[in-house]
Amino acid sequence: VKQPAYQLRSNKAVDRLTLIDGLKRVAKLADLSEYAYYSLGGPYLEDFRLLYEFYPEIKMISIENNDEVYKRQRFHVPCHSDRLKLKRTDFKSFLAQYDAGGEKSIFWLDYLGLTYGHFEEFMTLLEKVSLNSVVKITLRCEPSDYLGKDDTQTAQKIDEFQREFEAVLPDPSAEPPSNFADFASLIQDMLQIAAQKTLSSSMAAKFIPISSFRYADGDGMFTLTGIVCLRSEEAKVRKAFHKWHLKNLNWGRPKIIDVPNLSTRERLHLQRSLPCEKRAGRTLRLALGYLIDKNIRRTEAKLRQYAEFHNYFPYFMKAIP
Amino acid sequence: VQKERQRYEPVNAAPVKSFFVHMLTRDIKLEDAILDLLDNSVDGILRAKAGKKTSGSKTPYAGYQAEIEFAKDSFTISDNCGGIPWNLHDYAFRMGRMPDRSPDAPGSVGVYGIGMKRAIFKMGKRCLISTQSGQNAYDVDINPKWTDDENDWFIPVKPAKRMDGQDGTTLYIGDLYEGIASRFSEDAKAFKTELERMVATNYVFIIDKGFKVKINGDTVKPRPTRLIFDTKVTRTRKEVIRPYIFKARSDGVEVFLAVGFTRPIPSQDEIAEDQEEKKYSSLEAGWTVICNDRAVLYCDRTELTGWGEAGVPRYHTQFIAISGIVEFKADDPSKLPTTTTKRGVDASSTLFLQVKNKMREGMRIFTNYTNKWKTRPEDSKKQIEAGEPLSFEDIKAKSEDLVFGPTKTSLSRGEQFYPELPLPKRLQPNTRRICFNRRVEEVESVAEYLFEEADTDPSEVGEKCFDLMLKEALK
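Asks: Where do I start with the overall build of chain A in this structure?
Replies: For chain A, the count of helices and strands is 11 helices and eight strands. Taking 2.2 N^0.38 as the reference for a compact globule, 321 residues should give roughly 20 Å; the C-alpha atoms of chain A span a radius of gyration of 20 Å, in line with that estimate. Principal-axis analysis of the C-alpha atoms places the extent of chain A at approximately 55 × 55 × 45 Å. A burial count over chain A gives 55% of its 321 residues as buried. Restricting the contact set of chain A to residue pairs at least 6 apart, pairs at least 24 apart contribute 69%. If you sum the accessible surface of chain A, you get close to 15,000 Å²; carbon and sulfur atoms cover 50% of it.

The structure is reproduced here in structure tokens:
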């Protein structure tokens, strides 16, 4: 699966920062210094760098199977090794041996593909983590994967999809949707079913979603973050996230992250009009005085996105090392 | 002093209502209890159709449907399947079946007369059954007071008309038990998926024959198993992929069995990948057993259906392409080899054991073929794809044209069709399979070097390397 270089993935960068922002609310439930962060960080350990910047008290563990990527990670470590441990192993083996031992954790299953194996790993993890742990999962969400060259090939691909995911499909005989938004909703439903199967109503613990997004820096992706908590403490979790404008506590439709490409000068100019809660698209369009997409509707949609996520949107700049 | 003699009065052995209400419901899963209610709908169709001419129709259940709706506070199943005739009330509402009761409509699956009551008591304390069958239209109301009263064994019945005027039954259950209510609300999505999967597998043949089942608004669409059947047989092309078929009629039970391939046999790579990570969350490999159109066992891959017994290998991903269906049909349901819950076969049934011999016999043909061709899956794929996937009913129809031979079985009128599958002409003593592992990055480097494409199939990369070296070696 090919994705653009990470520095060009602005929507993914926003998603990373929403996790950081979400953790601020998790701090209302438990002391963040009691948490350990586990992730499949990739060569640049970007999420670890961010986490260390905002929450240096959290212990971090990276899981990486590829030898060369592992070496590259060692080159990029953002902090001392007593804060960040780099494990060279595949996630399945890690999961088989993982024992939370009462330690709270934040897991980011940052996958690039979409397979039933990913759902199995998600379910295994939900069974294993301690109460008040945070689990984030990112999956490929590209409806075009299930379109064939002709009707026969499309039918074959749909059949394969149904066989592969039957156990977690809300309507096992339904075809995968052909548009991005509906496909993201379907994947969210599939994760909800996986969570309900693992932590069913007869168990004390429950998985509560806190946010979910879809974005496409190249191919479509879906990401869901949630908390495993006692059913009896559900209200406490809801209260902690109640005022967060990015919350999705009731499995609602995933929000889209589709931030516009704006120059630094444009961003600084728009800054004067932000925050802007009412008619943000129109206000920012008028502030700019020109269109940044094909028409007014699209321009305003992009600018609404900017208004919603501007605080999570990093500045990419040329730097001379 | 003579001791006063203890007097022993007759003891009360009458059943206690709470036994039925609470104990009997423990050994059944909620999903199974709901399937019991669907069985009642199907039995209703058979009653409604009894005496009418439908033989030969491919869709004898067409026009009939059942709708299931569940929510946090209630469960409802509503059907248009003929309703409960008043003369059956003693069976329908009594706990258990009187021995002198006349048999049900031919071909039904209910034997013990407990399904509906058990399903109701499994879910909640209140139930309203509204039914219309011809001239009879009445409501039966079970309320929590009745459930708790040990002495009251009579349930009030009121005359009533159904809203839609159609013959059928609506069963509403309220005052749900806490555990049930939370499964219908907190686990609603997962529960619906599981229920839909169970309906799709258990009723695969009934739905295929026209019955419609809706769950919370969605119509259940099963995927019936289709076996590859190559019809293009000529004098020079006799060895083709067709299923093994066995049929018999014994003591009022008709048996029809077919086993064959559903897809091409897997490549070694597919087998290896499957061992690392499960590719499919559902598989159609294995045996499905049907009793009076109802699948009582679905895609079983254990000793129960002959895998790993008497010369048949244990199930392994290698045999992912092999599926079998065996159907038992009887007017008297007590003769069918199924368990009381209708969710499994009676493994000790003499009839089933006899048929199981034939299931193994058929399976051996296809496990043997798989073993013979496993090193040449591409050649085998062409043979399998030359055939057409046929449904069980189509196979039955096609079997009319096949030449059946006698078989050694104690089942009366047993006969079988033995397919002649293509087998490798020689056992290929001149080839060897080469298999080795190399690091991903190294394989990608060689692939890029040879094919300018890093993600070329590793076996292609290996083969190309060998061919290049062979050329060198032979210079």
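Asks: Would you mind going over the sheet that holds strand β12 (residues 286-291) of chain B with me for this structure?
Replies: Note: strands within a sheet are paired through backbone hydrogen bonds, in either parallel or antiparallel orientation. Residues and elements named next belong to chain B. On the basis of which strands lie adjacent, the open sheet formed by seven strands has the order β13-β12-β14-β11-β10-β17-β16 and mixed pairing. The two strands at the open ends of the sheet, each matched to only one other strand, are β13 (294-300) and β16 (405-406). As paired elements, strand β10 (residues 244-250) and strand β11 (residues 253-261) share seven bridges and run antiparallel to each other. Bridge pairing in β11 links Ser250 to Val253. The strands touched by helix α10 (residues 350-373) within the sheet are β10, β11, β12, β14 (322-330) and β17 (415-417), with β11 carrying the most contacts at an inclination of about 15°.

Asks: Looking at this structure, I do not really get the side chain of Asn292(B). What am I missing?
Replies: Residues and elements named next belong to chain B. Among the structural elements, Asn292 can be located in the loop between β12 and β13. Residue Asn292 is classed as buried on the basis of its relative accessible area, which comes to 6%. Within the structure, the side chain of Asn292 is placed 2.9 Å from the backbone nitrogen of Ala330, a separation counted as a polar contact.

Asks: Would you mind showing me how to read the pattern of salt bridges here?
Replies: In a structure, side chains of opposite charge can pair up when their charged atoms sit close to one another. Enumeration according to the criterion identifies 44 salt bridges over all chains in this entry. Ionic pairing is found between Lys24(A) and Asp21(A), a salt bridge with its closest N-O pair at 3.1 Å. Of the two residues, Lys24(A) and Asp21(A) are both situated in helix α1 (residues 10-26); the distance of three residues between them amounts to about one turn of the helix. For Asp21(A), a relative accessible area of 11% translates into the label buried. Through salt bridges with shared partners, a single network forms among Lys206(A), Arg231(A), Glu234(A), Arg238(A) and Glu186(B).

Asks: Explanation requested: the side chain of Arg25(A) in the structure shown.
Replies: Residue and element names in this part refer to chain A. Within the secondary structure, Arg25 is located in helix α1. When its relative accessible area of 17% is taken as the criterion, Arg25 is described as buried. Those residues in contact with Arg25 that sit more than four places away from it in its chain are Ala240, Phe241 and Trp244.

Asks: Looking at this structure, how should I read the interface of chain B and chain A?
Replies: Bring the parts together and some accessible area is lost; that lost area is often taken as the interface size. Contact with chain B, which involves 26 residues of that partner, is made by 29 residues of chain A. Here chain B and chain A share an interface that buries about 2,500 Å² over both sides, 40% of which is from carbon and sulfur atoms. The largest share of the area that chain B buries against chain A comes from Lys189(B), Arg223(B) and Ser281(B), three residues that together contribute 25% of it. The interface formed by chain B and chain A includes six salt bridges. Salt-bridge contacts for Lys189(B) lead to Asp189(A); the nearest nitrogen and oxygen are separated by 3.2 Å. Viewed at the interface, chain A and chain B are joined by 14 residue pairs in polar contact (both at pLDDT 80 or more).

Asks: Teacher, can you tell me more about the pairing of strand β5 (residues 133-140) of chain A here?
Replies: Residues in a regular strand point their side chains to alternate faces of the sheet. Residue and element names in this part refer to chain A. Counting buried residues along β5, eight of its eight residues qualify, which places the element largely inside the surrounding structure. Burial along β5 is two-sided: Ser133, Val135, Ile137 and Leu139 facing one way and Val134, Lys136, Thr138 and Arg140 facing the other are all buried. The pairing of β5 with strand β7 (residues 220-230) spans eight bridges and is antiparallel. Looking at the pairing, Val134 lines up with Ile227 of β7.

Asks: Teacher, can you tell me more about empty space enclosed by the protein here?
Replies: A water-sized probe rolled over the atoms picks out the places where empty space is left. Residue and element names in this part refer to chain A. Under the criterion given, the structure shown has three cavities of 30 Å³ or more. If you go around the largest cavity, the residues you meet are Thr18, Leu19, Gly22, Leu23, Val26, Val134, Ile210, Ser211, Thr225 and Trp244. Breaking the lining of the largest cavity down by element, the ones donating at least two residues are α1 and β6 (205-216). It is α1 that provides the largest number of residues to the lining of the largest cavity, a total of five residues.

Asks: Looking at this structure, I do not really get the packing of aromatic side chains. What am I missing?
Replies: To describe a pair of aromatic rings, one takes the distance between the centres and the angle between the planes. Taken as a whole, this structure holds 35 aromatic pairs over all chains when the rule is applied. Where Phe54(A) meets Tyr55(A), the ring centres are 6.4 Å apart and the plane angle is 45°; that geometry is what we call tilted. What makes Phe54(A) partly exposed here is its relative accessible area of 40%. Exposure remark for Tyr55(A): the relative accessible area of 8% places this residue in the buried category. Ring geometry for Phe70(B) versus Phe191(B): centroids 5.2 Å apart, planes at 85°, classification edge-to-face. Taken together, the residues Phe70(B) in strand β1 (residues 65-70) and Phe191(B) in helix α7 (residues 188-202) connect sequence positions 121 residues apart. The exposure class assigned to Phe70(B) is buried, which follows from its relative accessible area of 6%. Grouping aromatic residues by their ring pairs yields a cluster made of Tyr38(A), Phe91(A), Phe94(A), Tyr98(A) and Phe107(A). Residue placement shows Arg267(A) over the ring face of Phe313(A); its charged tip is 4.2 Å from the ring centre.

Parameters and conventions
- Residues numbered from 1 in each chain as written.
- Chains lettered and ligands numbered in written order.
- Predicted model: local features only at pLDDT ≥ 70, side-chain atom pairs only at ≥ 80, totals over all residues.
- Heavy atoms only, no water.
- Helix = DSSP H or I, 4+ residues; strand = E, 2+ residues; numbered from the N terminus.
- Rg over C-alpha atoms; globule rule 2.2 N^0.38 Å.
- Buried < 20%, exposed > 50% of the residue type's maximum accessible area, 1.4 Å probe, protein only.
- Contact = heavy atoms within 4.5 Å.
- Areas by Shrake-Rupley, 256 points an atom, 1.4 Å probe, with all protein chains shown as cover.
- Pairing = 2+ DSSP bridges.
- Axes fitted to C-alpha atoms, helices over the stretch in contact; angles between N-to-C directions.
- Polar contact = N/O pair within 3.5 Å; in protein donor to acceptor, adjacent residues only side chain to side chain.
- Salt bridge = Lys/Arg side-chain N within 4 Å of Asp/Glu carboxyl O.
- Buried area = accessible area lost by both parts, 1.4 Å probe.
- 1 Å grid on protein atoms, 1.4 Å probe; cavity = no way out; pocket = protein on both sides within 12 Å on 5 of 7 lines; lining within 4 Å.
- Points joined across faces, edges and corners; volume = space filled by probe spheres on them.
- Phe/Tyr/Trp six-rings, centres within 6.5 Å; stacked < 30°, edge-to-face > 60°.
- Lys NZ or Arg CZ within 6 Å of the ring centre and 35° of its normal.

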